[in-house]
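Architecture at a glance
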Amino acid sequence: MVKIPEFVKSVLWTLGSAGHQAWCVGGCVRDLRLGREPVDWDVTTSALPEETMAVFGGRAIPTGLRHGTVTVRTEGQPVEVTTFRKDGAYHDHRRPETVTFTDSLEEDLRRRDFTVNAMALDLRGTFRDPFGGLEDLERGLLRCVGEPDRRFGEDALRILRGLRFSACLGFTPEAETAASIRKNRELLRDIAPERVWVELSRLLTGQWAAEVLRAYPEVVGVFWPELLPMVGFDQRTRHHCYDVWEHTLHALAAVEPDVILRCTMLLHDVGKPETFTLDDRGHGHFKGHPARSAALAENMLRRLRVDNATRETVVRLVKWHDRNIPRTDQGLRRALRDLGETDLRRLLAVKRADNLAQAHQDLLGEIDRAESILDRLLAEGACVSLRQLAVDGRDLTALGLRGPAVGQVLTALLDAVVDGETPNERTALLERARTLLPNRC
Ligand code: ATP
Ligand code: MG
């Protein structure tokens, strides 16, 4: 069983011995009850921010004094200590205009988003749960504290937090909360794209991500409307037993919960509806869909200001997802040269998940073969990059090459090695380089 760790207990104890109330609150209490390891520990206290600062002295960092938050450095993780507060009127569906401190724990719990996040636990094990969070937790229900329309109207990010909790914890939004999530979804337009991505990326890596996306496509469709044409799109091909959206969700569920892989699966076929054609036998085709999907993915990820590394990798995997990689040494050396080991392994995972979500799992054996060739090539130290080539730029300069020609010849030599035309040996490479010299005499 997970318990309050010593470094958090010491924060509670220090506040308590200075005469203040101090409680663990929010996600950490929820996770304790679920037997999960909490991500972070939040403490709520009757002490005013300046009192908290005074109690902890040099260990206190004023990270959000206006909102009552002081971060306390401990022997373990930093702990956020926030004064009991109630929120004033909200504007822009984003933030409260004013924050008022209070001496009532119950008022502090009332401003929290969901009942399962509105429970508190103190050092002696006293448990406070005025909104029935524990009962909802035991029944697996996600319910707003108070009236859902009002709570989502105050802060629209809660809509996406709700779906994220549902995807990560397996909670089902209770009927009124669920209806309100759908009804108020347009308010998400007021939320900063970076914050949308933080929640969406967590949602995608949740164990129940596919279920949540299946139940709420129109909510994600507020910022990613490109997804919506996939819903119910009949593929008209014997390769598929699902429509495009169902295939996408099955593929997403079949890949491990890593944000790049999950995002790739969500977007890999997003260009299918636009590229659909029907032949005279009534069979559907999607020629060029990986490139179209990649172009759409690029736009969608930029819209949410996703970091460059994640965006570029996802777009690349989407572009490559349907490419045939011959199960030969040459085929895999080429793929390694073009993608590198990390992305090639990701691509194989993408291909596996894609095939698992099709009518026939006829490619899995071939994907395994590709992987074992890959393992062997790496173990043998196969040359697949300029870095590994047995000659370098200086060798070519010594042959009289200058400027861009050096890089071009090196690349040509690497291609020759990858394609098995030349061994990766200095003499053979220099010999071949001479045949490639621009003004050979
Ligand atoms: P996680 O597992 O991601 O840490 P969490 O529930 O702890 O989940 P935090 O963002 O750490 O989420 O917030 C801590 C607590 O603060 C929440 O449990 C909730 O009580 C409250 N909270 C956070 N964001 C909001 C919000 N937008 N509206 C209302 N209450 C919120
Ligand atoms: Mg938390």
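Residues numbered from 1 in each chain as written. Chains lettered and ligands numbered in written order. Predicted model: local features only at pLDDT ≥ 70, side-chain atom pairs only at ≥ 80, totals over all residues. Heavy atoms only, no water.

1. Overview of the overall build of the protein
- Counting its regular elements, the protein contains 21 helices and 15 strands.
- On C-alpha atoms alone, the protein measures out to a radius of gyration of 28 Å, which is more than a quarter above the 22 Å that the 2.2 N^0.38 rule sets for 441 residues.
- With respect to the principal axes defined by its C-alpha atoms, the protein has extents near 90 × 60 × 40 Å.
- The proportion of buried residues among the 441 residues of the protein is 49%.
- Considering only residue pairs separated by 6 or more positions, the protein has 64% of its internal contacts joining residues 24 or more positions apart.
- Carbon together with sulfur atoms contributes 49% to the accessible area of the protein, which is approximately 20700 Å² in total.
- Positive and negative charge centroids in the protein, built from 62 and 66 side chains respectively, lie 3 Å apart. (Helix = DSSP H or I, 4+ residues; strand = E, 2+ residues; numbered from the N terminus. Rg over C-alpha atoms; globule rule 2.2 N^0.38 Å. Buried < 20%, exposed > 50% of the residue type's maximum accessible area, 1.4 Å probe, protein only. Contact = heavy atoms within 4.5 Å. Areas by Shrake-Rupley, 256 points an atom, 1.4 Å probe, with all protein chains shown as cover. Lys, Arg positive; Asp, Glu negative; His and termini not counted. Charge placed at Lys NZ, Arg CZ, Asp CG, Glu CD.)

2. Concerning the site of ligand 1
- With respect to spatial proximity, 16 residues lie near ligand 1, and among them Arg30, Asp155, Arg158, Arg164 and Arg202 are the closest.
- Within the backbone of Asp113, one N or O atom sits 3.2 Å away from a nitrogen atom of ligand 1.
- In the model, an oxygen atom of ligand 1 is placed 3.1 Å from a nitrogen or oxygen of the Arg161 side chain.
- Notes on ligand 1: free accessible area 590 Å², of which the protein chains cover 82%.
- If you list the elements that add at least two residues to the shell around ligand 1, you get helix H2 (27–34) and helix H7 (157–169). (Near = heavy atom within 4 Å. Polar contact = N/O pair within 3.5 Å; in protein donor to acceptor, adjacent residues only side chain to side chain.)

3. Some thoughts on the pattern of salt bridges
- Taken as a whole, this structure holds 46 salt bridges when the rule is applied.
- The shortest N-O distance in the salt bridge between Lys183 and Asp149 comes to 2.5 Å. Taken together, the residues span a long stretch of sequence, with Lys183 in helix H8 (residues 175–183) and Asp149 in helix H6 (residues 148–154) at a distance of 34 residues.
- Of the residues examined, Asp149 reaches a relative accessible area of 25% and is grouped as partly exposed.
- The partner of Asp269 in a salt bridge is Lys272, and the shortest N-O contact between them spans 3.5 Å. As far as burial versus exposure is concerned, Asp269 and Lys272 are alike and both buried. (Salt bridge = Lys/Arg side-chain N within 4 Å of Asp/Glu carboxyl O.)

4. Focus on the domain arrangement of the protein
- Entries for the protein in the domain assignment read domain 1 (6–136), domain 2 (140–223), domain 3 (224–381) and domain 4 (386–435).
- If you average the C-alpha positions of domain 2 and of domain 4, the two centres end up 55 Å apart. (Domains from an automatic or database assignment.)

5. Structural notes on the packing of aromatic side chains
- Scanning the entire structure with this criterion turns up six aromatic pairs.
- Judged by centre distance (6.3 Å) and plane angle (65 degrees), the rings of Phe223 and Trp224 are edge-to-face. Across the pair, exposure class does not vary: Phe223 and Trp224 are buried alike.
- Three or more aromatic residues link up through ring pairs in this structure, and these residues are Phe114, Phe152 and Phe165.
- The cationic tip of Lys272 hangs over the ring face of Phe286; the distance from NZ or CZ to the ring centre is 4.6 Å.
- Across the ring face of Trp320, the terminal group of Arg323 is positioned such that the distance to the ring centre comes to 4.2 Å. (Phe/Tyr/Trp six-rings, centres within 6.5 Å; stacked < 30°, edge-to-face > 60°. Lys NZ or Arg CZ within 6 Å of the ring centre and 35° of its normal.)

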